[in-house]
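Understanding the architecture of this molecule
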Amino acid sequence: MKPLRIGLRAKLVFFASFLFFIPYLSYQYVWQLESYLRIGQEQTLVGTARAVATALHERPKLFDKQSAFLSNIRPGTDLYAHNIAYPIKLDGELSDWQDYSDKMLSYGSANLLEQSAVYEPASLSFKHMVGRYDKYLYAMFEVTDNKLVWRNKNALRVDKNDFVQIALINAEGEFERYVISPYRAGWVNAYKLDMNAENIKALDLETRIQGQWEVSDKGYNIELRFPLNMLSSKIAFALSDVDDANVRQVNYVMGTANPSQSDSLGTVLLPSPEIENILKGLQYSSARVWVVDKHMRVLARSGDIQQADGLASGKSNNDYEESQALSEPLKMWELLEERVLLPLYYKILTKPPADFIDDLADAFALEGSDIAQALDGSPSTLWRLSPDNKAVILSAAHPIFINDEVMGAVVVEQTTHGIRSLRNAALEKQFHFIIAIIILATLSLFLFASRISSRIRSLRDETESAIDVNGKIIGELQPSKTTDEIGDLSRSFHQVLNKLSQYNAYLEQMASRLSHELRTPVAVVNSSLDNLEMSTNKEDQQTYIARAKEGISRLSKILNSMSEATRLEHAINKGELETFDLVKLLEGCIQGYQMTYSDAKLNLDIEISEKMQAALVKRPIQGSPDLFAQMLDKIVSNAVEFQKKGTQINVRLFEKNTQLALSVTNLGPVLPENMQDQLLNSMISVRKSTSSEQSHLGLGLFIANMIASYHGARLSIENLPDHSGVTVLLIFNGH
């Protein structure tokens, strides 16, 4: 059984292929790990949102004071009381409200409740917002008014000047109205109005509603504060504008809602302290939790997204210092890892940022497909980037049901900082593994290359020792038994040395062969001259002279045959290529052979396809038709000489493996097995004897092979498969 051949390159590729597993495994490991962690984080957040929502299901009291029961939200009418970080100083300067300027609402012509004159924006417009701090509700108004008209100090009417109306539903569900109508800038309190909506008549001073009214460049500013327990969830503010101090007629009434009718009041959404108490315990869950109503307005929240990485709190500083102390002095590996490897790794890896921009830090309303889907009744998740692209934030939303109706949603948020930290930790170990594999692979390849170089040096030394300084082969090269390329090279060197040895033997025997070929004609000439010298008979002398001339002629033919190959090589080098029709050439040559060899039977078969014929027309044979005919002469001459009497010589032009081929086949004696590859060499012959009339130096097939190479063809000679004769095969390359 033929042994399995494993080449040197296959071995190198085999060993080097292990290195390709390193980035592949790293890639697969990292992405599989991160994808699994993200899936786990999604499931965890959905579970957290579900748990919080479960605590809020079927608890309508948590929502009955909110505007969550409204079917829709009226912008500018249904207000949101933002959480205020610090108490507002009631000074009318509005400086404490600047941090919340993006949350202020603008009121203009669309918010007119009444008007008795053509509206002019410079006459009345304002910015407004409400906020909550502790147990108080704060309100601000930045009013544009080109003519501010104060109430007369001793006037009993409060509606003949610029004034503010406040209407609300108190904690007992009663409708109450209040008015602020100052006679100068400064501290203000409200007056309670009677219940007759058609009259604005002040009854009692309400000191719980207090604030500051100050004049500004545009008009005036108002800051108000009153306890949260004064109202339930419905409220309205309205500003009345008087521009003529003499007529004192109200030109415009602009506000959040009509303060005269209880069913026209807007709502104010206050963050729910009850829901916030429920969420308070979740501040340790490494997540930020929101509760929104069905209009996506925030009712409560807990936690800080900057700390919401999804991981449990790490070691304290004391624990870290203690672990550092216990690990001193660092081991060599730990020192290498800390000072060399990790700094190198983190040129590629990224650490989670310490902080990032949180666009929802002070949000009073949320939006997103996850919340929208939750408000439709199905839990959902959403991945998003922070505005600065530093953090990836995952949010999970779960609906809150009250009486089988979605009343709001719980939204839980976390960053992927925890996943990135775990990924980095995993990659650190993976990089350790990669470096170890690369070092081992490099060492293995180095040892393997050393083994290869050692074998090559050994082969070189053996080859040099087999040949002396004069080029004479003095030894043998033992072939290697390995099946790789170096083994092939060793066996090739062995074969080359054997062929060189045979060629040297051939050169040494060539003198003997020439001596054998020259000895007979020389002996004929010598004997003829000797006999001529001793003979006196003219007839005998003529016979001896003829025999001498015959010997000299034979010597001349031997010399011409020996120089024919050299002359042919010069002719080939100096000749110019020309194209010729191979089929016509063969037909002409065969006709000539039939006349020359009248006793022989020659047959020509043209067996090429139309496609090959078209190819020969497009790309005819290039060379010399005379040289090609000379080559064919020598091949046919050998076939005629060795043919079995009465048999036919077949000349066949055909296709072999899509290439053009020409064969000359004769039946007769076969070639010795060890001579088939040598007959194309110079002065090699298998003829058993040489006649006295003709010499054979074994140059015919050598010359034919030279002409075949000139025509871009390969010449070979071999026995027929049934050993009934010999065939000479010519295969044209490129046809």
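Use the structure listed above.
Residues numbered from 1 in each chain as written. Predicted model: local features only at pLDDT ≥ 70, side-chain atom pairs only at ≥ 80, totals over all residues. Heavy atoms only, no water.

**Re the sheet that holds strand β15 (residues 298-302)**
Strand order in this open sheet of five strands is β15-β14-β18-β17-β16, and the pairing throughout is antiparallel. At either margin of the open sheet sits one strand with a lone partner, and together these are β15 and β16 (380-385). The sheet shows a mean angle of 20° between the axes of neighbouring strands, taken without regard to direction. Where β16 and strand β17 (residues 392-402) come together, six bridges link them in antiparallel fashion. From the neighbouring strand, R384 faces β17, where its bridge partner is I393. The strands touched by helix α2 (residues 273-280) within the sheet are β14 (288-293) and β15, with β15 carrying the most contacts at an inclination of about 25°. (Pairing = 2+ DSSP bridges. Helix = DSSP H or I, 4+ residues; strand = E, 2+ residues; numbered from the N terminus. Axes fitted to C-alpha atoms, helices over the stretch in contact; angles between N-to-C directions. Contact = heavy atoms within 4.5 Å.)

**Section: the pattern of salt bridges**
Applying the stated criterion across every chain yields a total of 16 salt bridges. A salt bridge links D78 to R74; the nearest nitrogen and oxygen atoms lie 3.4 Å apart. Given a relative accessible area of 6%, D78 falls into the buried group. Relative accessible area serves as the criterion here: at 34%, R74 is assigned to the partly exposed category. (Salt bridge = Lys/Arg side-chain N within 4 Å of Asp/Glu carboxyl O. Buried < 20%, exposed > 50% of the residue type's maximum accessible area, 1.4 Å probe, protein only.)

**Regarding the packing of aromatic side chains**
Across all of its chains, the model carries ten aromatic pairs by this definition. Between W150 and W213 the ring centres are 6.0 Å apart and the planes differ by 50°, which places this aromatic pair in the tilted class. Taken together, the positions of W150 in the loop between β5 (136-144) and β6 (163-169) and W213 in strand β9 (residues 202-215) put the pair 63 residues apart, joining distant regions of the chain. On the accessibility criterion, W213 (0% relative accessible area) is buried. Three or more aromatic residues joined by ring pairs make a cluster, and in this case those are Y107, F126, F141 and F237. The ring of W383 has R38 lying over it, and the distance from NZ or CZ to the ring centre is 4.7 Å. For R225, the ring lying beneath its charged end belongs to Y136, and the centroid distance is 5.2 Å. (Phe/Tyr/Trp six-rings, centres within 6.5 Å; stacked < 30°, edge-to-face > 60°. Lys NZ or Arg CZ within 6 Å of the ring centre and 35° of its normal.)

**Comments concerning helix α4 (residues 332-345)**
Across its 14 residues, α4 extends 18 Å between first and last C-alpha, which sits within 8% of the 20 Å expected from 1.5 Å per residue. Along α4, the largest kink reaches about 40° and is centred on E338. (Expected span 1.5 Å × (residues − 1). Bend = angle between axes of the 7 residues up to and from the residue.)

**Quick notes on the environment of Y107**
As for its position among the elements, Y107 is in strand β2 (residues 105-107). Taking the C-alpha atoms as reference points, Y107 and G255, separated by 148 residues in sequence, lie 7.4 Å from one another. For Y107, the contacting residues outside a window of four places in its chain are G76, L79, S125, F126, H128, M254, G255 and T256. Polar contacts involving the side chain of Y107 include one to the main-chain carbonyl oxygen of G76, which spans 2.7 Å. (Polar contact = N/O pair within 3.5 Å; in protein donor to acceptor, adjacent residues only side chain to side chain.)

**With respect to a nonpolar patch on the surface**
On the surface, a cluster of nonpolar side chains totalling about 720 Å² of accessible area is made up of F14, F15, F18, F21, Y24, L25 and F433. A per-element tally of the nonpolar patch places helix α1 (residues 8-56) first, with six residues. Here F18 lies in helix α1. Classification of F18 by relative accessible area gives partly exposed; the value is 43%. (Patch = residues over 30% accessible without salt bridge, like charges linked within 9 Å, V, L, I, M, F, W, Y side chains within 5 Å. Areas by Shrake-Rupley, 256 points an atom, 1.4 Å probe, with all protein chains shown as cover.)

**Brief notes about empty space enclosed by the protein**
All chains considered together, the criterion is met by one cavity of 30 Å³ or more. Approximately 40 Å³ is the volume found for the largest cavity. Lining the largest cavity are M631, L632, I635, L662, V664, L715, V728 and L730. Looking at the lining of the largest cavity, the elements with two or more residues in it are α11 (625-642), β23 (659-667) and β25 (725-732). In terms of residue count, the dominant contributor to the lining of the largest cavity is α11 (three residues). A class-by-class count of the residues in the lining of the largest cavity yields eight nonpolar, no polar and no charged. (1 Å grid on protein atoms, 1.4 Å probe; cavity = no way out; pocket = protein on both sides within 12 Å on 5 of 7 lines; lining within 4 Å. Points joined across faces, edges and corners; volume = space filled by probe spheres on them. Nonpolar A, V, L, I, M, F, W, Y, C, P; charged D, E, K, R; others polar.)

**What to know about the pairing of strand β1 (residues 79-83)**
Along β1, four of the five residues are buried, which leaves the element largely enclosed by surrounding structure. Two elements, β1 and strand β13 (residues 266-269), share two bridges in a ladder whose sense is parallel. The residue of β13 that forms the bridge with Y80 is L269. Pairing geometry for β1 and strand β4 (residues 125-133), over three bridges, is parallel. Considered in β4, the bridge of H82 is made with G131.

**Focus: the nonpolar core**
Formed by 46 residues in total, the largest nonpolar core has its most connected members in L582, F628, L660, L662, L730 and F732. When residues in this core are grouped by element, the largest group, nine residues, is from α11. Excluding residues within four positions of it along the chain, L662 makes contact with L586, F628, L632, V651, R652, L653, V728, L729, L730 and F732. Grouped together as the second largest cluster of nonpolar side chains are 37 residues, V52, L62, V298 and I402 included. (Core = buried A, V, L, I, M, F, W, Y, C linked by side-chain atoms within 4.5 Å.)

**Concerning helix α12 (residues 700-710)**
The α-helix advances 3.6 residues per turn, and as a result positions three or four apart in sequence lie on the same side. Every buried residue of α12 is listed here: L701, I703, A704, M706, I707, A708 and Y710. Count one or two residues on from α12 and you reach G712, which has phi positive near 70°.

**Considerations on the sheet that holds strand β22 (residues 648-656)**
Taken in spatial order, the five strands line up as β20-β22-β23-β25-β24 in an open sheet, and their pairing is mixed. Of all the strands in the sheet, just β20 (601-607) and β24 (713-719) have a single pairing partner and so form its edges. Each neighbouring strand pair of the sheet contributes to a mean axis angle of 15°, computed without reference to strand direction. For β24 and β25, the ladder comprises seven bridges, and the chain directions are antiparallel. The partner of L715 across the bridge, within β25, is L730. Against the sheet, α12 contacts β24 and β25, and its axis sits at roughly 145° relative to β24.

**A few points about the pairing of β25**
The element β25 is extensively covered by neighbouring structure, given that eight of its eight residues are classed as buried. On β25, burial covers both faces: G725, T727, L729 and I731 on one face and V726, V728, L730 and F732 on the other are all buried. When β23 meets β25, the two strands line up antiparallel, connected through seven bridges. Bridged to A661 within β25 is I731. Where β24 folds back onto β25 in an antiparallel hairpin, the turn is made up of five residues, including H723, whose phi is positive at roughly 55°.

**Digging into unusual backbone geometry**
One non-glycine residue with positive phi stands out, namely N403, at about 55°. Here N403 is to be found in the loop between β17 and β18 (405-415).

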